[in-house]
Amino acid sequence: MNYETLQVSIADHIATVSLNRPDKANCLTETSFREIADAMQALSDEPTVRVVILQGNGKHFCAGIDLELLLSINAKVDDNCDGRKREKLRKLVLALQAPMNAVEACAKPVLAAIHGGCIGGGLDLAAACDMRYCTADAYFTIKEIDLGMVADLGSLQRLPKLISPGLVSEMAYTGRMVGGIEAAKTGLVNQAFESTEALQAGVRVIAQQIASKSPLSIRGTKEVLLYARDHSVTEGLQQIALWNAAMILSEDLAAAGRAAMMKTQAEFRD
């Protein structure tokens, strides 16, 4: 996996995806968007990967969309026909949403390890992850309001499922920064760590715990949780009944049962 804007490594069933434009605060270029989507799809399909850690190199997690990309939009969608111009703009927005959707759709849990700024598109990216962790001095902001636009890559859709809709509205209307400690108190992140080193170590411990579980069960749990988020309880129960009817009689179930009786760690194949 060789990328221009990312670093990707795999070890012990854990994939680490690092946004790698540290000199630009990991701002997202057109290449970044394409590579994030490609990497997440590849890791979703890679059987040796059981969990993914998403982080940023340098001083910040991600400062959002690169301004050069924003300023190039008019040229990208230029057309003498107004209808076709709007059609191109819609397609562009959907293309920029694709990496966030790919993070959410990844069959493996994605853990965001956030330090420094998590701004605009960076927050869209973090919101699509299954779990978020940060440093105490990290900060989160829906910055689009200060650019004279409406956030359109997922924060306004996903954050109300995670935290108080009132807090989302406050962030969206004012663009104010939410610090790491407040983020942990409100549930925007699972936990705030004192330093980047502690963050990376702590997130890796959690990733190792996930990687030690049945991969089939982890994948199923993610699918069921996402389905339950967007459906009624009754629909969710029907869906898990179908999932277990199809998947529960697996070798993983037998391996977990044997390990429990023998008080050993179960070993699962990819």
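Scroll up to find the structure.
Colleague: What's the story with the nonpolar core in this structure? I'm lost.
Modeller: One broad rule of soluble globular proteins: the nonpolar side chains tend to lie buried together. Residues Met40, Val52, Leu54, Ile114 and Phe140 are the most contacted members of the largest nonpolar core, which totals 52 residues. If you list the elements that add at least two residues to this core, you get β1 (6-11), β2 (14-19), α1 (30-45), β3 (51-56), α4 (82-105), β4 (110-114), α5 (121-127) and α7 (165-174). Filtering out sequence-adjacent residues up to four positions away, Ile114 remains in contact with Phe61, Ala126, Arg132, Tyr133, Cys134, Thr135, Ala138, Phe140 and Leu199. Judged by nonpolar contacts, the second largest core, of 15 residues, contains Leu111, Ala113, Ile206 and Ile210.

Colleague: Sorry, what's going on with the sheet that holds β4 here?
Modeller: Consider a sheet: its strands pair through backbone hydrogen bonds, and that pairing is either parallel or antiparallel. Strand order in the open sheet formed by six strands is β1-β2-β3-β4-β6-β9, with mixed pairing between adjacent strands. Of all strands in the sheet, those bounded by a partner on one side alone are β1 and β9 (191-193). Ignoring which end each strand starts from, the neighbouring axes of this sheet average 20° apart. Packed onto the sheet, α1 meets β1, β2, β3 and β4 and runs at close to 10° relative to β1.

Colleague: Even after reading the chapter, I still don't get the pairing of β4, so can you show me in this structure?
Modeller: Regular strands show a simple pattern: their side chains alternate between the two faces of the sheet. With respect to burial, β4 is a largely interior element, five of its five residues being buried. Along β4, one buried face is formed by Val110, Ala112 and Ile114 and the opposite face, lined by Leu111 and Ala113, is buried too. In terms of strand pairing, β3 meets β4 through three bridges, oriented parallel. Following the sheet pairing, Leu54 is matched in β4 by Ala112. Where β4 lies against strand β6 (residues 131-135), four bridges are found, and the strand directions are parallel. Bridge pairing in β6 links Leu111 to Met131.

Colleague: Can you walk me through the state of the cysteines in this structure?
Modeller: What the rule picks out here adds up to zero disulfides. Looking at the unpaired Cys62, the closest cysteine sulfur is the one in Cys27, lying at 6.6 Å. By relative accessible area, which is 0% here, Cys62 ends up buried. Of all cysteine sulfurs, the one in Cys62 lies closest to Cys118, which takes part in no disulfide; the gap is 7.1 Å. What makes Cys118 buried here is its relative accessible area of 0%.

Colleague: What exactly am I supposed to notice about the environment of Glu4 here?
Modeller: Here Glu4 is to be found in the segment before β1. Residues Glu4 and Lys76 lie 72 residues apart in sequence; the distance between their C-alpha atoms is 22 Å. Not counting residues up to four positions away in its chain, the partners in contact with Glu4 are Thr31 and Glu35.

Colleague: What am I meant to see in helix α10 (residues 215-229) here?
Modeller: One turn of the α-helix equals 3.6 residues, which is why residues spaced by three or four share an orientation. With 15 residues, α10 extends 21 Å from end C-alpha to end C-alpha; this agrees with the ideal 21 Å at 1.5 Å per step. Those residues of α10 that sit buried are Pro215, Ile218, Gly220, Lys222 and Val224. Those residues of α10 that are buried lie in contact with α4, β4, α9 (196-211), α11 (233-247) and α12 (251-262).

Colleague: What is the right way to read the sheet that holds strand β5 (residues 117-119) from this model?
Modeller: Read across the open sheet, the three strands follow the order β5-β7-β8; overall the sheet is mixed. Two strands lie at the open edges of the sheet, namely β5 and β8 (178-179), each paired on one side alone.

Colleague: Which parts of the structure should I look at to understand unusual backbone geometry?
Modeller: Of note, the phi angle at His13 is positive, near 70°, even though the residue is not glycine. Positionally, His13 belongs in the loop between β1 and β2. The backbone phi angle of Asn26 is positive, close to 60°, even though this residue is not glycine. Inspection of the secondary structure puts Asn26 in the loop between β2 and α1.

The rules behind the values
Residues numbered from 1 in each chain as written. Predicted model: local features only at pLDDT ≥ 70, side-chain atom pairs only at ≥ 80, totals over all residues. Heavy atoms only, no water. Core = buried A, V, L, I, M, F, W, Y, C linked by side-chain atoms within 4.5 Å. Buried < 20%, exposed > 50% of the residue type's maximum accessible area, 1.4 Å probe, protein only. Helix = DSSP H or I, 4+ residues; strand = E, 2+ residues; numbered from the N terminus. Contact = heavy atoms within 4.5 Å. Pairing = 2+ DSSP bridges. Axes fitted to C-alpha atoms, helices over the stretch in contact; angles between N-to-C directions. Disulfide = S-S within 2.5 Å. Expected span 1.5 Å × (residues − 1).

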